[in-house]
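Listed below are the residues making up each chain.
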Amino acid sequence: MNENEIVMIATFPNIPEENVAAFTAAVAESLDAVRTEKGNLQYDWFMDDDRSRCVVLERYRDAAAVVEHVGNVAEVLPRLAQLGGGVEIDVFGTLPADLHAALEPRVRAIHGLVAGK
């Protein structure tokens, strides 16, 4: 990870069985929404065996790429959070103050880069 990259781990912690089909449909919408993001380096979704929890690994070239991504998923993210029992986001990297403020309601923790290669 270079000093400009931003990694995020989003967790949808509690997907009730009756929400799984709607949740996975919303995931497909999210994947379509970010398909053209040039600054998106990784966007992988993982569900546990019983499909009650989902973790998304995301990696972006820089803060501008995160801003673009947030705009692209603005419509679907609230629905995913509702279907998935909320969303907890861990951010790894340095965010500009305005982006930090915009993400803060959903962010569990922001971890700044201490040392990099």
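This write-up is about the structure you can find in this document. As a convention, each chain's residues are numbered from 1 in the sequence order in which they are written. In keeping with the model being predicted, local features are shown solely for residues with a pLDDT of at least 70 and side-chain atom pairs are shown and tallied solely at 80 or more, while totals for entire chains, interfaces and linings include all residues. Working from all heavy atoms in the structure, the side-chain values ignore hydrogens and water.

1. Some words on unusual backbone geometry
A positive phi angle is found at Arg 51, which is not glycine, with a value near 60 degrees. With relative accessibility at 38%, the residue Arg 51 sits in the partly exposed group. The rule is simple: take the accessible area with a 1.4 Å probe, protein chains only, and divide by the maximum for that residue type; under 20% is buried, over 50% is exposed, in between is partly exposed.

2. A closer look at the environment of Arg 51
Put simply, DSSP H or I for four residues or longer makes a helix, DSSP E for two residues or longer makes a strand, and each gets a number counted from the N terminus. Counting through the fold element by element, Arg 51 comes out in the loop between β2 (40-47) and β3 (54-60). Between the alpha carbons of Arg 51 and Thr 11 there is a distance of 13 Å; along the sequence they are 40 residues apart. By the convention used here, residues are in contact when the closest approach between their heavy atoms is within 4.5 Å. Not counting residues up to four positions away in its chain, the partners in contact with Arg 51 are Ile 15, Val 20 and Thr 24.

3. Describing the packing of aromatic side chains
Geometry of aromatic contacts follows a simple scheme: Phe, Tyr and Trp rings, the Trp one being its six-membered ring, pair when their centres are within 6.5 Å, and the pair is stacked under 30 degrees between planes, edge-to-face over 60, tilted otherwise. Applying the stated criterion to the full structure yields four aromatic pairs. Between Phe 12 and Trp 45, the aromatic rings sit 5.8 Å apart at their centres with planes inclined by 10 degrees, giving stacked as the arrangement. Of this pair, Phe 12 sits in strand β1 (residues 6-12) while Trp 45 sits in strand β2, and the two are 33 residues apart along the sequence. Considered together, Phe 12 and Trp 45 belong to a single accessibility category, that of buried residues. Here the aromatic rings of Tyr 43 and Trp 45 are separated by 5.8 Å at their centres, their planes lie at 85 degrees, and the arrangement is edge-to-face.

4. Some words on the nonpolar core
Among the nonpolar cores identified, the biggest contains 30 residues, and Met 8, Phe 12, Phe 23, Trp 45 and Leu 80 are the most heavily contacted of them. Contributions of two or more residues to this core are made by β1, α1 (20-34), β2, β3, α2 (63-72), α3 (77-83), β4 (88-92) and α4 (97-103). Looking at this core element by element, the count peaks at five residues for α1. Residues enter a nonpolar core if they are buried and are Ala, Val, Leu, Ile, Met, Phe, Trp, Tyr or Cys, with the set joined through side-chain atoms within 4.5 Å.

5. Examining the environment of Val 76
Within the secondary structure, Val 76 is located in the loop between α2 and α3. In this view, Val 76 contacts Ala 26, Glu 29 and Ser 30; residues no more than four positions away in its chain are not counted.

6. A word on the pattern of salt bridges
Put simply, a salt bridge is a Lys or Arg side-chain nitrogen that is within 4 Å of an Asp or Glu carboxyl oxygen. Applying the stated criterion across every chain yields a total of four salt bridges. Of the charged contacts in the structure, one is a salt bridge between Asp 62 and Arg 61, with a shortest N-O distance of 3.3 Å. A relative accessible area of 22% means that Asp 62 is categorised as partly exposed.

7. A few points about the pairing of β3
Side-chain alternation along β3 places Cys 54, Val 56, Glu 58 and Tyr 60 on a buried face and Val 55, Leu 57 and Arg 59 on a face that remains uncovered. As defined by bridge partners, β1 adjoins β3 across seven bridges and the pair is classed as antiparallel. Following the sheet pairing, Thr 11 is matched in β3 by Val 55. For two strands to be treated as a pair, DSSP must find at least two bridges joining them. Bridge count between β2 and β3: seven bridges; the pairing is antiparallel. Bridge pairing in β3 links Phe 46 to Val 55. Count of turn residues in the β2/β3 antiparallel hairpin: six residues, of which Arg 51 carries a positive phi of about 60 degrees.

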